[in-house]
Amino acid sequence: MSPSAGTLFKMAISRNGRDLLIAPSILSADFLRLGEQVREAAEAGADLFHLDMMDGHFVPNLTFGPPVVEGLRKVTSLPLEAHLMVLHPELYLEDLASAGMQRVTVHAEATTHLHYVLGKIGALGMKAGVALSPATPVGMVDDVLDMIDLVLVMTVNPGFGGQSFIPHSLKKIAAMRALLDRAGASHVRLEVDGGIKAGNIANVADCGADTFVMGSAIFGKTPCRSVFEQVRKSLS
């Protein structure tokens, strides 16, 4: 892998004074061509890769685990983040750290011991995040802002790829941005996941989001490079 992978076509994106990051979700990739598609997305301008890990309990579907992380580490040097849609997320953390995961996001709804789980993520040398499902209020993160590096606002219901963006999520994203600003939590990134595409990403960014998970929009029929060009044009 070339040291410049991920930077060949890369162009910094900023809006409203915030640097914006694009995180392709490999859940929508063709797993028969996973390595190839990850390389294509990296060269097109991806900033990191988003891995949706599901246990068949917190959400109905079952996806992949640490072995996929180990495989991805061989084809990209870009950061990897795990979105754990699982019950008892603490059971997975050591294996993820060993596999080379840099950032782990857990659902506030999936554990009764959120403070403990976030502490364990940090102790293992990974950055920690909290994900909120569509019906979960933004105030759930109030007491852990000093322990996290990101908040993930779900703009679809967790567990299935390819869903449409829930329109009233824009108000929730704006409310989360206001909460972070009031708390002086400038270190916490505001990530959104679900139905993000070139046609709506500017509106989402204007509500305060700075990190965008994109799955089917990137790993669809349109070439990755064209999608990233559309995204840059929308945000410019």
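Report on the accompanying structure. (Residues numbered from 1 in each chain as written. Predicted model: local features only at pLDDT ≥ 70, side-chain atom pairs only at ≥ 80, totals over all residues. Heavy atoms only, no water.)

### Notes on the overall build of the protein chain
Counting secondary structure elements, the protein chain contains seven helices and nine strands. Taking 2.2 N^0.38 as the reference for a compact globule, 236 residues should give roughly 18 Å; the C-alpha atoms of the protein chain span a radius of gyration of 16 Å, in line with that estimate. Buried positions account for 52% of the 236 residues belonging to the protein chain. Intrachain contacts of the protein chain at a sequence separation of at least 6 include 66% that bridge at least 24 residues. Surface accessibility of the protein chain: about 10500 Å² in total, with carbon and sulfur atoms responsible for 53%. Taking the 20 positively charged and 24 negatively charged side chains of the protein chain as two groups, their mean positions are separated by 7 Å. (Helix = DSSP H or I, 4+ residues; strand = E, 2+ residues; numbered from the N terminus. Rg over C-alpha atoms; globule rule 2.2 N^0.38 Å. Buried < 20%, exposed > 50% of the residue type's maximum accessible area, 1.4 Å probe, protein only. Contact = heavy atoms within 4.5 Å. Areas by Shrake-Rupley, 256 points an atom, 1.4 Å probe, with all protein chains shown as cover. Lys, Arg positive; Asp, Glu negative; His and termini not counted. Charge placed at Lys NZ, Arg CZ, Asp CG, Glu CD.)

### Section: the pattern of salt bridges
Tallying each qualifying case throughout the model produces eight salt bridges. With a shortest N-O distance of 3.5 Å, Arg177 and Asp181 are connected by a salt bridge. With Arg177 and Asp181 both in helix α5 (residues 169-182), this residue pair falls four residues apart, about one helical turn. Arg177 sits in the buried class, given a relative accessible area of 10%. When salt bridges that share partners are traced, they join Arg177, Asp181, Arg189 and Asp210 into one network. (Salt bridge = Lys/Arg side-chain N within 4 Å of Asp/Glu carboxyl O.)

### Focus on the packing of aromatic side chains
Taken as a whole and judged by the stated rule, the model has one aromatic pair. When the ring of Phe31 is compared with that of Phe64, the centres are 5.7 Å apart and the planes differ by 35°; the resulting orientation is tilted. Here Phe31 is found in the loop between β2 (18-24) and α1 (34-44), whereas its partner Phe64 is found in the loop between β3 (49-54) and α2 (66-73), with 33 residues between them in sequence. Assessed through its relative accessible area of 40%, Phe31 is described here as partly exposed. Residue class for Phe64 comes out buried when judged on its relative accessible area of 13%. (Phe/Tyr/Trp six-rings, centres within 6.5 Å; stacked < 30°, edge-to-face > 60°.)

### Structural notes on the nonpolar core
Counting residues in hydrophobic clusters, the biggest one holds 71 residues, and the most contacted among them are Phe49, Leu51, Met101, Val104 and Phe212. Apart from residues no more than four positions distant in its own chain, Met101 is found in contact with Leu51, Met53, Val69, Leu80, Glu81, Ala82, Leu96 and Met126. Counting residues in each nonpolar core, the second largest holds five residues, with Ala131, Leu152, Met154 and Val156 among its members. (Core = buried A, V, L, I, M, F, W, Y, C linked by side-chain atoms within 4.5 Å.)

### Observations regarding helix α4 (residues 114-123)
Along α4, the residues that are buried comprise Leu114, Val117, Leu118 and Ile121. Looking straight down α4, one finds its buried side chains confined to an arc of 95°; they lie on one side. For α4, the exposed residues lying more than 90 degrees away from the buried face are His115 and Ala123. One or two positions beyond α4, positive phi appears at Gly125, with a value near 85°. (Arc of directions from axis to C-beta.)

### Some thoughts on the environment of Asp55
Within the secondary structure, Asp55 sits in the loop between β3 and α2. Among the residues examined, Asp55 registers a relative accessible area of 11% and is labelled buried. In this structure, the C-alpha to C-alpha distance between Asp55 and Gly159, residues 104 residues apart in sequence, is 9.7 Å. Beyond its immediate sequence surroundings of up to four residues, Asp55 is in contact with Asn61, Leu62, Met85, Val86, Leu87 and Tyr92. Only 2.9 Å separates the side chain of Asp55 from the backbone nitrogen of Phe58, close enough to count as a polar contact. In this structure the side chain of Asp55 is engaged in a polar contact, spanning 2.8 Å, whose partner is the backbone nitrogen of Leu87. (Polar contact = N/O pair within 3.5 Å; in protein donor to acceptor, adjacent residues only side chain to side chain.)

### Some details on the packing of α1 against helix α7 (residues 224-235)
In contact at an axis separation of 9 Å, α1 and α7 are set at 35° when each is read in the N-to-C sense. Here the hand of the crossing between α1 and α7 comes out right-handed. Contact with α1, carried on its side by Glu40, Ala41 and Ala44, involves Cys224, Arg225, Phe228 and Arg232 of α7 and no other residues of that element. (Axes fitted to C-alpha atoms, helices over the stretch in contact; angles between N-to-C directions. Left-handed = near helix turned anticlockwise from the far one by under 90°.)

### Things to note about the sheet that holds β3
The sheet built from nine strands is open, its strands ordered β1-β2-β9-β8-β7-β6-β5-β4-β3 with mixed pairing. Edge positions in the sheet fall to β1 (13-15) and β3, since each of these pairs with one other strand and no more. Between one strand and the next, the sheet's axes are offset by a mean angle of 25°, whatever the strand orientation. Pairing analysis gives six bridges linking β3 to strand β4 (residues 80-85), with the strands arranged parallel. The residue bridging Asp52 from the neighbouring strand is His83, located in β4. (Pairing = 2+ DSSP bridges.)

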